Amino acid sequence: MSKSRRQERAEEKRIKKIEAKECEYNLIKKPTNVLFNAILTVLSFFSLIPFVFVIIISLTDEESLAMNGYRFIPKKWSLHAYQYIVEAGESIIRSYGVTIFVTVVGTLLGLFLIGTYAYALSRKTYAFKSFFTKVITIPMLFSGGMIANYLIITKVLMLKDSVWALILPLAMNSFNVIVMRTFFKTSIPDSVVESAKIDGASEWRLFFQIVIPMALPGLATIGLFLTLGYWNDWFNAMMYIDNQDWIPLQYLLIKIESSIDFLANNKAMMGVEGIQAAANMPKETIKMAIVVISTLPIIFAYPFFQRYFVNGLTIGAVKE
Amino acid sequence: MKEKKKGSPGKKKKRGFLSKLKMNKELLILSAPGAVWFLLFAYLPLFGILVAFKQYRLSGNFFESLISSKFVGLDNFKFLFSSGDAWTILRNTVLYNAAFIILGVVLPVIVALLLNELRNKGMTKVYQSSMFLPYFLSWVVVSYCVYAFLNPEKGYFNSIIQQFGGDGISWYTEKGLWPFIIIIMSQWKGIGYNTVVYLASICGINKTYYEAAVIDGATKWQQMKYITLPLLKPVITILLIMAVGGIFKSDFGLFYQLPRDSGPLYPVTNVLDTYIFRALQTNGEIGMSSAAALFQSVVGFIMIMGANKLVSKIDEENALF
Amino acid sequence: MKNGKVKRVLAAGCAAMMTAGLLAGCGSKPETNSSGEEIVELTWYQVGDNQKDDELVFEEVNKYTEEKIGVKLNVVKVGWGDYNQKMQVVINTGDTWDMCFTCSWTNDYLQNTQKGAFLALDDLLQDQGKEMYDQIDPRFWEAAKVGGEIYGVPSEKEIGSMPMWVFTKEYVDKYDIPYEDIHTLEDLEPWLKLIKENEPDVVPMYLISDYTAPTYMDKIQDPVGIEYGDNSLTVKNVFDTEKMQSTLDTMRKYYEAGYINKDAATASDDKSVKRLVTKGDGQPYAELIWAKDLGYDVVASPIMDTQVTNASARGALTAINANSEHPEKAMEFLNLVNTDQYLRNLLNYGIEGVHWEKVDVPQEELDAAEGKPYIYDCKVKLDPEKSKDYSVPYYVQGGLFNTYVLENEPIDKWATFKEFNDEAQAAPSFGFDFDLTNVSTEVAGFRNVLDEFGKSLYTGSVDPEEYLPQLETKLEATGIDKVIDEMQKQIDEWKTEK
């Protein structure tokens, strides 16, 4: 068995080699490649700096930060911020769990809702296409506002203090539906749909077995947008969640940021009480450490989506 | 169920409608979950718009209050135009957004094309991931980092300038610089995110087109010009139409946190959203905040309709509806 | 067939809802305490961050209040920065709540009252709240009145704001600066000059972006108000007053002389900057808090006599929802918080024996304080570790004067506060509330203009000769004259009624 396996692998390699050679014909010239790389390196460098900066600050000694401000090379390093987080442990780990749960469930639900809706819209023969497009255009611009939303979610849908208040409001939006519709329109040739229909395939089979595999780059994009949306969301938590057990990570962070901001701006009104309250807030380095730990997992999750939309990594998936 | 209501008048029409329903049954069912979502989370709250025309005062629950509050017509909208700066603010909002809309298409498309053509695919991943990082930092954190460079007393930039015998720049009062800083920072933060759509679109392009082109002896440049860009057009068009709808809205943090709310910069940093924020701090009238949002939406709606009409005249296939 | 499906879904939905209803029904079976009294749950919104031991403490609190008055609390804490927005939504949607924290600097007391959010308390105060009503300084009740009725229970603390010059003790000692004689902005000049000449790496006057130049006016609706001491009650724009104009000129002079840090208008407090003097808003014993914050000793001197204004006396209140189902219980509870030592200290410091311990007061200290009000026979020693898990802003839950003092504080701390309050004089405009309904459009424009020019002018960063007229022009364009007229009209009415 292992022998045939090895053979298989060798065969695979051979094919890949041929493919690579074939591709060689359609590659940019080496000097152009160098130029492109140079441009992208510069861009990446500037994108990386602030994040590296944040990591450095999270590793700076609190006192040295107060004395010297933000420095790339701090006078004194310290792991204190991370120690604090480890000690505060429980609540942060729990929040991590909430965020991950909300992100995973929300993304899957969102993909289902957006995928089905957008697919129907993308079908030329759909008689209600224009009606359902109009249905999503209005909410793209008009919203009832914070107070009306709060009323519907807490009083009508009864979602206060429920994890669904973190999931449902973000599951769909007009922007994603329209982008997804465009992906379906451009990546699925009409001929494929027609021939499947002639073969007697139901819409379900067509959608789940033929269309979805072909639209993977698009689905991955929307999936990524949803994931990011859920991961970064704090507003719904602020509005609808009073129970400390269901606070997502991002709101922990934003709460600290906005509290520090508020206390700094209202010193005149609050007098020394503001100073006392500020003294109880986590310090700058801890804040940065939370930024780091709240961003890392999503950075690691990123390649999962990336392989679907970086050309060359997904030839197999798309060719199918 | 909802559609049934639509087709009530006329028996003949009704039958037509019913058969239409029947014929589209499967697709209708596919649309249903999404439609329910929109009904619950987008349409039900829309009654909140009424607050914009009321001087909202409390008496009992929200609906009782809404009904008993005084109707004030368009009074709640007045504050948007009452200041002497209304013109500057609208100008800033529109001009920045125009720049963002254009750059928000041009730069990501270029980057996506570059990434796509790299010979060393391994690096593509690295570049793309790093460019995504700024998206994760909130404007508050970014503003702290930027302050480390621009701080007039201790910042990196001024230390460098002073080392070369210069005088140092008072960055947070020098309003000539800020349009550039704001535009650069906004693109810096968004480029990774915006590139993804285009990358995925390129990825979704059928490879046989390129194979055929290579056989015909097309150069890389020609392939890009005649295959990639035309096939990106639908996505670009649709994103442009939607972006135009946000012409009166802006990213609050970019204009408030990043310039550290510095007064002397207001002539170039005050946009509609920051103006509204400051205005409503003093009186907390929810009618006024609804009015402001409604105003932004109505303008956005007009813009989108206009853009859509324009697009559908040129190229109906790519229009929004 | 489709119809059948819909029906089935509906039926399932109904079943689910009914089950939920039944469950809820089971849960709300009335609980009673040992005296057979039905226990009522009160929802209480507070500003501040959640504490690790909140649950523990409130369990203890509930145990006590359930027995005592049949009340159990559901406390919802909302972070400092989010409180205002969240309360706006909670209040305006008519959500269910019973009590909330309100004041002049977040979840605005006056606005909410004028919009009808809060219950008028006068009757309840004569009944369930009588004990507390008699105990709290009448001037706090005076300040809590809007249109003649009281809508919030004040937390008794310092009644006036006291702007002070805060000096670094090191330089005061070194140069023998008679700080106690320094009051006005102009008094500072020779010493700023001295420091500038002799201490090159010290900023003589360190200012940050939230600095406001000394203002001798009650800015009822910034920048419009009544000057301190103006008993004729003439409404003015603060930037039109001679006092402010000369202050701004002096600030500019100091800035140009290099006494003030160059980045004052945008700086946030950088504690590593050595400074001679800065401005702070104080209260008795504020020096201790500033010193702890800065990490070195400071001394302070008041800039002007303490003035009591509506804003300063409304530093902290607790209001009851106009739609609360249990207003009497809420009042009974607030009365208990403000009169019951055990409950008050439990809320304030946490559980005795866990978060803090009682320590004895030295006899001589007690003797010296004899006859003064608010003296207790014990002090509080916080547990250095556990107290971090329950650290709350003291004034949010009730008055300060019936809390024990900390072991490093003088036993007569609250007596000193009381003295301070008694000495503070009421500003002429004290008690007047501006109803901005008629001019809300105009007022909305103010903040933008003030933020644009205020910080730069106050810190002297720009020339008032050039920028003050610009500010004035913009304020006029926003309609400041209309606001002044409206306020004058209202204040004249108020004066005749008074």
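Because the structure is a prediction, the values reported are computed rather than measured.

**A short note on the sheet that holds strand 9 (residues 217–221) of chain C**
All names here are of chain C.
No. 1: Sheet architecture is open: three strands sit in the order 9-10-11, paired in antiparallel fashion. Two strands lie at the open edges of the sheet, namely strand 9 and strand 11 (235–237), each paired on one side alone. With direction set aside, neighbouring strand axes in the sheet form an average angle of 45°.

**Observations regarding the interface of chain A and chain B**
No. 1: Listed as interface residues are 106 residues of chain A and, on the opposing side, 95 residues of chain B.
No. 2: A buried area of about 9300 Å², summed over both sides, lies between chain A and chain B, and 74% of it is on carbon and sulfur atoms.
No. 3: Here chain A is connected to chain B by one salt bridge.
No. 4: For Lys124 of chain A, the salt bridge identified is with Glu317 of chain B, shortest N-O distance 4.0 Å.
No. 5: Linking chain A with chain B are 22 residue pairs in polar contact (both at pLDDT 80 or more), by the criterion used here.
No. 6: Here the element with the most residues in the side of chain A that touches chain B is helix 2 (residues 30–58) of chain A; it accounts for 16 residues.
No. 7: Among the residues making up the side of chain A that touches chain B, the classes are represented as 65 nonpolar, 27 polar and 14 charged.

**Remarks on the environment of Ala120 of chain A**
No. 1: Within the secondary structure, Ala120 of chain A is located in helix 5 (residues 90–122).
No. 2: For Ala120 of chain A, a relative accessible area of 0% puts it in the buried group.
No. 3: Along the sequence, Ala120 of chain A and Gln250 of chain A sit 130 residues apart, while their C-alpha atoms lie 34 Å from each other.
No. 4: Residues in contact with Ala120 of chain A, not counting those within four places in the same chain, are Tyr126 of chain A together with Leu27 and Ser31 of chain B.

**Let's talk about the packing of helix 2 (residues 54–69) of chain C against helix 13 (residues 327–339) of chain C**
Any two packed helices are characterised by how steeply their axes cross, that is the angle between the axes, and by the distance between the axes.
Residues and elements named next belong to chain C.
No. 1: One can describe the packing of helix 2 onto helix 13 by two numbers: an axis separation of 12 Å at closest approach and a directional angle of 115°. Judged by the twist between their axes, the crossing of helix 2 over helix 13 is right-handed. Between helix 2 and helix 13, the contacting residues are Tyr64, Thr65, Lys68 and Ile69 on the first element and Lys329, Glu332, Phe333 and Leu336 on the second.
No. 2: Classifying every residue of the contact of helix 2 with helix 13 by side-chain character gives four nonpolar, one polar and three charged.

**Regarding the sheet that holds strand 2 (residues 71–78) of chain C**
Residue and element names in this part refer to chain C.
No. 1: With mixed pairing, five strands are arranged side by side in an open sheet as 2-1-3-15-6. With partners counted over all chains shown, the strands left at the sheet margins are strand 2 and strand 6 (152–154), one partner each. Strand after strand, the sheet turns through a mean of 25° between neighbouring axes, direction not considered.
No. 2: Of the strands in this sheet, strand 1 (40–47), strand 2 and strand 3 (99–102) are in contact with helix 3 (residues 83–92), which crosses strand 1 at around 140°.

**With respect to the environment of Gly104 of chain B**
Residues and elements named next belong to chain B.
No. 1: Its location among the elements puts Gly104 in helix 6 (residues 86–117).
No. 2: Here Gly104 falls in the buried class, since its relative accessible area comes to 16%.
No. 3: Setting aside anything within four residues of it in sequence, one finds Gly104 in contact with Ala99, Gln187, Asn194 and Tyr198.

**So, the confidence of the model for chain B**
No. 1: Confidence in the prediction of chain B, expressed as mean pLDDT, is 89, and 95% of residues score 70 or more.
No. 2: Per-element confidence in chain B is highest for helix 14 (residues 266–269) of chain B, whose mean pLDDT is 95, and lowest for helix 1 (residues 2–6) of chain B, whose mean pLDDT is 42.

**Re a nonpolar patch on the surface**
No. 1: Taken together, the side chains of Phe112, Trp204 and Phe208 of chain A together with Ile29 of chain B make up a nonpolar region of the molecular surface, amounting to roughly 360 Å² of accessible area.
No. 2: With respect to the element layout, Phe208 of chain A can be found in helix 11 (residues 203–214).

**Describing a negative patch on the surface**
No. 1: Side chains of Asp123, Asp127, Glu149 and Glu328 of chain C sit close together on the surface and give a patch of like negative charge.
No. 2: Note on placement: Glu328 of chain C falls in helix 13.

**As for the side chain of Asn335 of chain C**
All names here are of chain C.
No. 1: Following the sequence through the fold, Asn335 ends up in helix 13.
No. 2: Here Asn335 falls in the buried class, since its relative accessible area comes to 10%.
No. 3: Residue contacts for Asn335: discarding those within four places in its chain leaves Gln128, Gly129, Lys130, Glu131 and Met132.

**As for the side chain of Gln250 of chain A**
All names here are of chain A.
No. 1: Inspection of the secondary structure puts Gln250 in helix 14 (residues 249–265).
No. 2: Owing to a relative accessible area of 9%, Gln250 belongs among the buried residues under this scheme.
No. 3: Look past the residues within four positions of Gln250 in its chain and what remains in contact with it is Trp231, Asn232, Asp233, Trp234 and Ser294.

**Observations regarding the pattern of salt bridges**
No. 1: Going through the model one piece at a time under the given rule, you end up with 52 salt bridges over all chains.
No. 2: Across the pair Asp242 of chain A and Lys86 of chain C runs a salt bridge, and its minimum N-O distance is 2.8 Å. One end of the pair, Asp242 of chain A, is in the loop between helix 13 (235–240) and helix 14; the other, Lys86 of chain C, is in helix 3, on a second chain. Neither Asp242 of chain A nor Lys86 of chain C differs from the other in exposure class; each is buried.
No. 3: For Lys271 of chain C, the salt bridge is made with Asp293 of chain C, and the minimal N-O distance between the two is 3.5 Å. Of the two residues, Lys271 of chain C sits in the loop between helix 10 (242–256) and strand 12 (275–282) while Asp293 of chain C sits in helix 11 (residues 286–294), which places them 22 residues apart along the sequence.
No. 4: What makes Lys271 of chain C partly exposed here is its relative accessible area of 36%.
No. 5: Overall, Asp293 of chain C belongs to the partly exposed group, its relative accessible area being 26%.

**What about helix 14 of chain A?**
Residues and elements named next belong to chain A.
No. 1: When the terminal C-alpha atoms of helix 14 are compared, their 25 Å separation across 17 residues agrees well with the 24 Å that a helix rising 1.5 Å per residue should span.
No. 2: The buried fraction of helix 14 amounts to twelve of the 17 residues, a majority that puts the element mostly inside the structure.
No. 3: For helix 14, the set of buried residues is Leu249, Gln250, Tyr251, Leu253, Ile254, Lys255, Ile256, Glu257, Ser258, Ser259, Phe262 and Leu263.

**Notes on the nonpolar core**
No. 1: Ranked by internal contacts, the top residues of the largest apolar core, which has 281 residues, are Leu73, Trp80 and Phe333 of chain C.
No. 2: Per-element tally for this core: the top contributor is helix 10 (residues 178–204) of chain B, with 13 residues.
No. 3: Those residues in contact with Phe333 of chain C that sit more than four places away from it in its chain are Leu42, Trp44, Thr65, Ile69, Val71, Leu73, Met99 and Leu343 of chain C.
No. 4: In this structure, Trp165, Phe239, Leu457 and Leu468 of chain C belong to the second largest nonpolar core, which totals 59 residues.

**What to know about the interface of chain A and chain C**
No. 1: Between chain A and chain C, the residue contacts involve 36 residues of the former and 37 residues of the latter.
No. 2: Overall, the association of chain A and chain C removes approximately 3200 Å² of surface from exposure, summing both partners, and the carbon and sulfur fraction of that is 57%.
No. 3: Broken down residue by residue, the surface that chain A buries against chain C is led by Phe262, Val272 and Glu273 of chain A, which jointly contribute 18%.
No. 4: Run the count over chain A and chain C and you get four salt bridges.
No. 5: In this structure, Glu273 of chain A engages Lys157 of chain C in a salt bridge whose closest nitrogen and oxygen atoms are separated by 3.0 Å.
No. 6: The tally of links from chain A across to chain C stands at twelve residue pairs in polar contact (both at pLDDT 80 or more).
No. 7: Counting residues per element, the side of chain A that touches chain C draws most heavily on helix 14 of chain A, at seven residues.
No. 8: Partitioned by chemical class, the residues of the side of chain A that touches chain C number 22 nonpolar, seven polar and seven charged.

**Remarks on the environment of Leu157 of chain A**
No. 1: Counting through the fold element by element, Leu157 of chain A comes out in the loop between helix 7 (146–156) and helix 8 (164–167).
No. 2: You can call Leu157 of chain A partly exposed: its relative accessible area is 21%.
No. 3: Residues in contact with Leu157 of chain A, not counting those within four places in the same chain, are Ile152 of chain A together with Leu40 and Phe41 of chain B.

Rules used in this analysis
- Residues numbered from 1 in each chain as written.
- Chains lettered and ligands numbered in written order.
- Predicted model: local features only at pLDDT ≥ 70, side-chain atom pairs only at ≥ 80, totals over all residues.
- Heavy atoms only, no water.
- Pairing = 2+ DSSP bridges.
- Helix = DSSP H or I, 4+ residues; strand = E, 2+ residues; numbered from the N terminus.
- Axes fitted to C-alpha atoms, helices over the stretch in contact; angles between N-to-C directions.
- Contact = heavy atoms within 4.5 Å.
- Buried area = accessible area lost by both parts, 1.4 Å probe.
- Salt bridge = Lys/Arg side-chain N within 4 Å of Asp/Glu carboxyl O.
- Polar contact = N/O pair within 3.5 Å; in protein donor to acceptor, adjacent residues only side chain to side chain.
- Nonpolar A, V, L, I, M, F, W, Y, C, P; charged D, E, K, R; others polar.
- Buried < 20%, exposed > 50% of the residue type's maximum accessible area, 1.4 Å probe, protein only.
- Left-handed = near helix turned anticlockwise from the far one by under 90°.
- pLDDT = per-residue confidence, 0-100.
- Patch = residues over 30% accessible without salt bridge, like charges linked within 9 Å, V, L, I, M, F, W, Y side chains within 5 Å.
- Areas by Shrake-Rupley, 256 points an atom, 1.4 Å probe, with all protein chains shown as cover.
- Lys, Arg positive; Asp, Glu negative; His and termini not counted.
- Charge placed at Lys NZ, Arg CZ, Asp CG, Glu CD.
- Expected span 1.5 Å × (residues − 1).
- Core = buried A, V, L, I, M, F, W, Y, C linked by side-chain atoms within 4.5 Å.

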